[in-house]
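A structural walkthrough
Listed below are the residues making up each chain.
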Amino acid sequence: MRYIRQTPIITSEGQKKLEKAAVAVVGIGALGGIAAELLARAGVGEIRIIDRDLVDEGNLQRQTLFEEQDIGKLKAVVASEKLKRINRKLVIKTYPTELNAETSEILENVDLILDGTDNFDARFLINEYCRKNNLPWVFSAVVGTKGQVWPILPEGPCLRCIFQEPTESLGTCETEGILNTLPRMIAAFQVTEALKILTNKTPSQKLLLVDPWQAEIQSLEVKENPACPVCNQKFEYLNGKKSKEIVSLCSDLYQFKTKNKPRLKVTKKDQYASFFKKGAVLKDGRVLIKAKSKEQAQAFFDRYFG
Ligand SMILES: [Zn+2]
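A word on the domain arrangement of the protein chain. If you check the domain split of the protein chain, you get domain 1 (4-220) and domain 2 (252-305). Centre-to-centre, using C-alpha coordinates, domain 1 lies 27 Å away from domain 2. Counting residues at the interface gives 13 residues for domain 1 and 15 residues for domain 2. Of the roughly 1,000 Å² buried between domain 1 and domain 2, counting both surfaces, carbon and sulfur atoms make up 56%. Among the residues domain 1 hides against domain 2, the three largest losses belong to L54, D56 and L74. Together they make up 41% of the total. One can count two salt bridges joining domain 1 with domain 2. Salt-bridge contacts for E98 lead to K257; the nearest nitrogen and oxygen are separated by 3.9 Å. Connecting domain 1 to domain 2 are five residue pairs in polar contact (both at pLDDT 80 or more). Its residues placed into classes, the side of domain 1 that touches domain 2 shows four nonpolar, three polar and six charged.

Here it is, written out as structure tokens:
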């Protein structure tokens, strides 16, 4: 009964496939949060939530899984709890960590990966993982009033066929901002393709460009690039290409790595992290610091963790 309104589209056979499927959602901000919620409501049996970030006040404008009371908590943890309340029959796995070459085993045995990230390092890693393991994934990106979504299938072109290097050519949410209706539209297209892939229907092969502010949608044909390293089985990111030391997340948070014990007052501790007033130290050695600038974050890090 629970899924009866989608049976005419998904079919009972398809519903069984959804219930047996495992999907990883990488990044549980605006895009990933909406996508994960739709997957949970559609009855996808196992959802893995991977996110390295804390909830920030500036997220609430568009990240609809989070509320004021969640500020300062780990996004992956808050999101997982919410998804369990939406559909208690699902297996929800929580990974409050960064997806990188060392942690990529998180993705083992999934059927599909949804990109909810905000950077090309993570996307290139997902792209390589999927190519290597013959898995489909759905790329998505939003910035300003423009969004993109593209199902990337094992037999077709990959992300690296069109983006040779990590790029900020799409803009960053720092300079362009983000319209809060946009992630909903992109995630809706993304999950639609996900449901088609998981139920063995034919997904779109096109790169969709959406601009709700201009009320425009375009779709582009993408061609394979014979010089693409990933399609030629060269996996630079999966083999541990050096990750950046300092990373600005799409909020006022900055990420560092440390092996030192913090020299500041811990206000709360749980199984994943120790929290302090301006951020958190995670079990994986990452320090997230809330600051107005990179310099300010660096100064804070040097003082208490250096
Ligand atoms: Zn390629």
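Having seen the structure, we can now continue with the description.
Burial runs high along strand β7 (residues 207-211): four of the five residues are buried. The pairing of strand β6 (residues 146-152) with β7 spans three bridges and is antiparallel. What sits directly across from V149, in β7, is L208. Counted along the chain from β7 to the antiparallel partner strand β8 (residues 216-220), the turn is four residues long, and its residue A215 has a positive phi close to 50 degrees.

Another point: helix α3 (residues 30-42). Since the α-helix advances by 3.6 residues per turn, residues separated by three or four positions end up pointing in the same direction. With 13 residues, α3 should cover 18 Å at 1.5 Å per step; its first-to-last C-alpha distance of 18 Å lies within 8% of that length. Of all 13 residues in α3, eleven are buried; the element is thus mostly enclosed. Here α3 has its buried residues at A30, L31, G32, G33, I34, A35, A36, E37, L39, A40 and A42. Where α3 ends, the next residue or the one after it, G43, has phi of about 90 degrees, a positive value.

Position of R160 among the secondary structure elements: in helix α6 (residues 159-162). Of the polar contacts made by the side chain of R160, one reaches the side chain of E236; its length is 3.1 Å. Leave out the neighbours within four places in its chain, and R160 touches F124, N127, E128, E165, C228, P229, V230, E236 and Y237.

The rules we used
Residues numbered from 1 in each chain as written. Predicted model: local features only at pLDDT ≥ 70, side-chain atom pairs only at ≥ 80, totals over all residues. Heavy atoms only, no water. Domains from an automatic or database assignment. Contact = heavy atoms within 4.5 Å. Buried area = accessible area lost by both parts, 1.4 Å probe. Salt bridge = Lys/Arg side-chain N within 4 Å of Asp/Glu carboxyl O. Polar contact = N/O pair within 3.5 Å; in protein donor to acceptor, adjacent residues only side chain to side chain. Nonpolar A, V, L, I, M, F, W, Y, C, P; charged D, E, K, R; others polar. Buried < 20%, exposed > 50% of the residue type's maximum accessible area, 1.4 Å probe, protein only. Helix = DSSP H or I, 4+ residues; strand = E, 2+ residues; numbered from the N terminus. Pairing = 2+ DSSP bridges. Expected span 1.5 Å × (residues − 1).

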